[in-house]
Amino acid sequence: MRDSIALEKLSDRDKKHLWHPLTQHKIYPEMLAIARAQGALLYDEEGKEYVDGISSWYTCVYGHCNPYILEPVMQQMQRLDQVVFSGFTHEPAVRLSEELIKILPPNQQKMFFSDNGSTATEVGIKMALQYHFNKGQKRNVLLAFEEGFHGDTFGAMSVSGLSVYNGPFEDFFIEVERIPVPTAKNIDSILAQLTKRLKNNNLAGFIYEPLVQGAAAMKMHDAEGLEKILALLKSHGVLLVADEVMTGFGKTGKHFASEYLSTQPDIMCLSKALTAGLIPMGLTTCTEEVYMAFYSDEVAKGLFHGHTYTANPLACTAALAALELLQTEEIQKNIQNIIQWHTAFDNEIKSHPKVANTRQLGVIYALDLKVQMERYGNLRNRLFKHFMDKGVFLRPLGNTIYILAPYVTTKTQMDRIYDAIRLALELV
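Residues numbered from 1 in each chain as written. Predicted model: local features only at pLDDT ≥ 70, side-chain atom pairs only at ≥ 80, totals over all residues. Heavy atoms only, no water.

## Describing the pattern of salt bridges
Inspection of every chain in the model, using the stated rule, returns 17 salt bridges. A salt bridge links K385 to D389; its shortest N-O distance comes to 2.9 Å. Of the two residues, K385 and D389 both sit in helix α14 (residues 378–389), 4 residues apart, roughly one turn of that helix. Within the structure, one salt-bridge network assembled from shared partners comprises D12, K15 and E30. (Salt bridge = Lys/Arg side-chain N within 4 Å of Asp/Glu carboxyl O. Helix = DSSP H or I, 4+ residues; strand = E, 2+ residues; numbered from the N terminus.)

## A look at the nonpolar core
Core analysis: the biggest nonpolar cluster contains 105 residues, and Y62, F206, I229 and F249 have the highest contact counts within it. Ranked by residue count, the leading element in this core is helix α12 (residues 313–326), at 11 residues. Not counting the four nearest positions on each side in its chain, F249 is found in contact with Y62, L100, H255, F256, L270, S271, A273, L274, L323, L326 and Y407. (Core = buried A, V, L, I, M, F, W, Y, C linked by side-chain atoms within 4.5 Å. Buried < 20%, exposed > 50% of the residue type's maximum accessible area, 1.4 Å probe, protein only. Contact = heavy atoms within 4.5 Å.)

## Some thoughts on the sheet that holds strand β16 (residues 400–403)
Read from one edge of the open sheet, 3 strands run β13-β14-β16, paired in antiparallel fashion. Sheet topology places β13 (355–361) and β16 at the edges, where each strand pairs with a single neighbour. If you compare each strand with its neighbour and ignore which way they point, the axes differ by 15 degrees on average. Both β13 and strand β14 (residues 364–369) contribute to a ladder of 6 bridges, which runs antiparallel. Looking at the pairing, N357 lines up with D368 of β14. (Pairing = 2+ DSSP bridges. Axes fitted to C-alpha atoms, helices over the stretch in contact; angles between N-to-C directions.)

## A closer look at the side chain of H221
On the secondary structure map, H221 appears in the loop between β9 (219–220) and α10 (223–235). The exposure class assigned to H221 is buried, which follows from its relative accessible area of 7%. With residues near it in sequence (within four places) discarded, H221 still touches F145, V181, P182, E209, P210, L211, V212, Q213 and L226.

## Topic: the sheet that holds strand β10 (residues 239–243)
What links the strands of a sheet is backbone hydrogen bonding, and the strands pair in either a parallel or an antiparallel sense. Spatial ordering of the open sheet is given by β4-β12-β11-β10-β7-β5-β6, a layout of 7 strands whose pairing is mixed. The open sheet has two free edges, formed respectively by β4 (110–114) and β6 (176–179), since each of these has just one partner strand. Taken pair by pair, the neighbouring strands of this sheet meet at an average axis angle of 20 degrees, ignoring direction. Pairing analysis gives 3 bridges linking β10 to strand β11 (residues 267–270), with the strands arranged parallel. Paired with V241 across the two strands is I267, which belongs to β11.

## Side note on a nonpolar patch on the surface
Nonpolar side chains collect at one region of the surface, where F154, F169 and F172 lie side by side and expose about 320 Å² of accessible area between them. Of note, F172 is situated in the loop between α8 (163–166) and β6. (Patch = residues over 30% accessible without salt bridge, like charges linked within 9 Å, V, L, I, M, F, W, Y side chains within 5 Å. Areas by Shrake-Rupley, 256 points an atom, 1.4 Å probe, with all protein chains shown as cover.)

## Concerning the side chain of S160
Topologically, S160 is positioned in the loop between α7 (154–159) and α8. Residue S160 is classed as buried on the basis of its relative accessible area, which comes to 1%. Within the structure, the side chain of S160 is placed 2.7 Å from the backbone oxygen of A156, a separation counted as a polar contact. Sequence-distant contacts of S160, defined by excluding residues within four places in its chain, comprise G148, F149, H150, G151, N166 and R178. (Polar contact = N/O pair within 3.5 Å; in protein donor to acceptor, adjacent residues only side chain to side chain.)

## Quick notes on the packing of helix α5 (residues 91–100) against α12
Packing of α5 against α12 brings their axes to within 8 Å, and their N-to-C directions diverge by 30 degrees. One way to sum up the angle between α5 and α12 is to call them roughly parallel. Taken as a pair, α5 and α12 cross one another with a handedness that is left-handed. Each of P92, A93, R95, L96, E99 and L100 in α5 lies in contact with α12, whose residues at this interface are P313, C316, T317, A319, L320, L323 and E324. For the contact of α5 with α12, a count of residues per class yields 9 nonpolar, 1 polar and 3 charged. (Parallel < 35°, antiparallel > 145°, perpendicular 65-115°, else oblique. Left-handed = near helix turned anticlockwise from the far one by under 90°. Nonpolar A, V, L, I, M, F, W, Y, C, P; charged D, E, K, R; others polar.)

## Here's the deal with helix α13 (residues 329–349)
For α13, which comprises 21 residues, the first-to-last C-alpha distance of 30 Å matches the rise-based estimate of 30 Å (1.5 Å per residue) to within 8%. Those residues of α13 that fall on the buried side of the exposure criterion are I331, N334, I335, I338, I339, W341, H342, F345, D346 and I349. One face of α13 carries all of its buried residues, which in axial projection span an arc of 165 degrees. Exposed and oriented more than 90 degrees from the buried face of α13 are E329, K333 and Q340. Lining the buried residues of α13 we find α12, β13, β14, β16 and α15 (411–424). (Expected span 1.5 Å × (residues − 1). Arc of directions from axis to C-beta.)

## Topic: the packing of aromatic side chains
Summed over all chains, the structure comprises 12 aromatic pairs. Ring centres of F154 and F173 lie 6.3 Å apart, and the angle between their planes is 75 degrees; this geometry places the pair in the edge-to-face category. Remark: F173 occurs in the loop between α8 and β6 and F154 occurs in helix α7; sequence separation between them is 19 residues. Residues Y291 and Y295 carry aromatic rings whose centres are separated by 5.9 Å and whose planes lie at 35 degrees to one another, so their mutual orientation is tilted. Members of the aromatic cluster, joined through ring pairs, are F145, F206 and Y208. (Phe/Tyr/Trp six-rings, centres within 6.5 Å; stacked < 30°, edge-to-face > 60°.)

Pasting the structure below:
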C-alpha cells in the first residue's frame, strides 16, 4: 500500500483530500509539490529549482532551513516541546521577551503571544476595544485605512478593506470606519475630516499597516502624512494599533516601519518573520498604560483570550535565533545590498513603456504594469506561470509585480528575478 502511494505524484495525491487557501479548486486544480528548500531556493518534486522571490509570504527572510535557527530548535525539542502558557512560563518565552524589548519602540512593555498574524491583530483589536470598556468609556468604533488587510479572522476581516476576501461575511463585522491613506494632496482633508469626526468621541482605536499595505499590492504612503494622522488621533485618546505582521523585522530597512515615525503605536502586531518561517507564532505588544487598564481585582477585566500553542517553546526558540540573526552585521549588510540592487533595477525599469509606476521601501520593491487586469484573472495567471517557468517564485497581485526576497538572496539569484521581470514585460 505504502509503495503504491509513494509512486504516485504528490500533486496527484494532494487532490484527494486537501483544500488550499485563496484557491478556487474547480478553476485551478493543480498544485506544485515542493519537496525541499535551502537558502533562497525551493525545489519541486521533479528537482526543478525556484528562487523564492517573496520569502514564502514574507516569512523565511533568513533563508529556508537555516541551521542557525534549526539547531537551537532541535535542542529545545529535547528539553521542552509544549506546555500550557496559562499558569506556566518557560525560559524561551521569558528570554524572547527580554531580547525583543531591546529593539521594539521604547514605549512597548508587555507581550501577548498567539498563533499567527491574524490572531496577533485580533488580539490587538480586542485590546483596543476592551481598554475603553474597562475604563467605562463607550468607544466601540474602529478606524482603518481603505484597502488595508489585517487577516482572516472576524475582527481582522472587519478592519480589512479588501472585499475579495470579506464578501460573504460583511453583515457580521464589528463597526469600522475607513479613511484613505495619506498623500500630499489629501492629507489636509483627512485631518479636517478626522477633527470633525473625533468630536463624537467614540473611536476606540486606529489599526494601520505603517507605510506599506501588503495585500493591497504593496501600496506605500509617506511617513509625514501618517505621522500627522497618528499624532491627531493619539491626542484624542484613540489607541494606535500598528500591524507590522508584514513590515516587521527589517523589511523596510529598519527593524520596524514604526521607527520612521515620531508618534509610536500603543499596540503592535507581529508574526511572519518573527519566527523566520519555521514555526507559526503571533505576538501582540502594548504599552504599560494599555496593560494597566486590564490589571484589576476584577477577574472580568482581564484579557480572556488564549490559544493552545500560545508561546510554544519551539516557536519562541526559533524567534530568538531569528532575532539574533537580524542584528548580525552580515544580515544588515545583506539588507543594504538588496536595497541597492533594487534601486539600480528601478533606475533601469521605471521608464519602460509597459511600467506605470514603481515604488520601494527597504527590501520591498513593486511595480505596476500599464495594463488593466483582475487580481485573480487570466493575465495574472499567465504572469505567474511565466515566472515559475523561469524558475522564479513571484506572486503578482493583479497588475502589481513585487519582490520581497530573503535577506540571504545572492546577487546572481536576484538577477534571475530581475531577468524574469524584464521578460514578463514583453508578455503584456
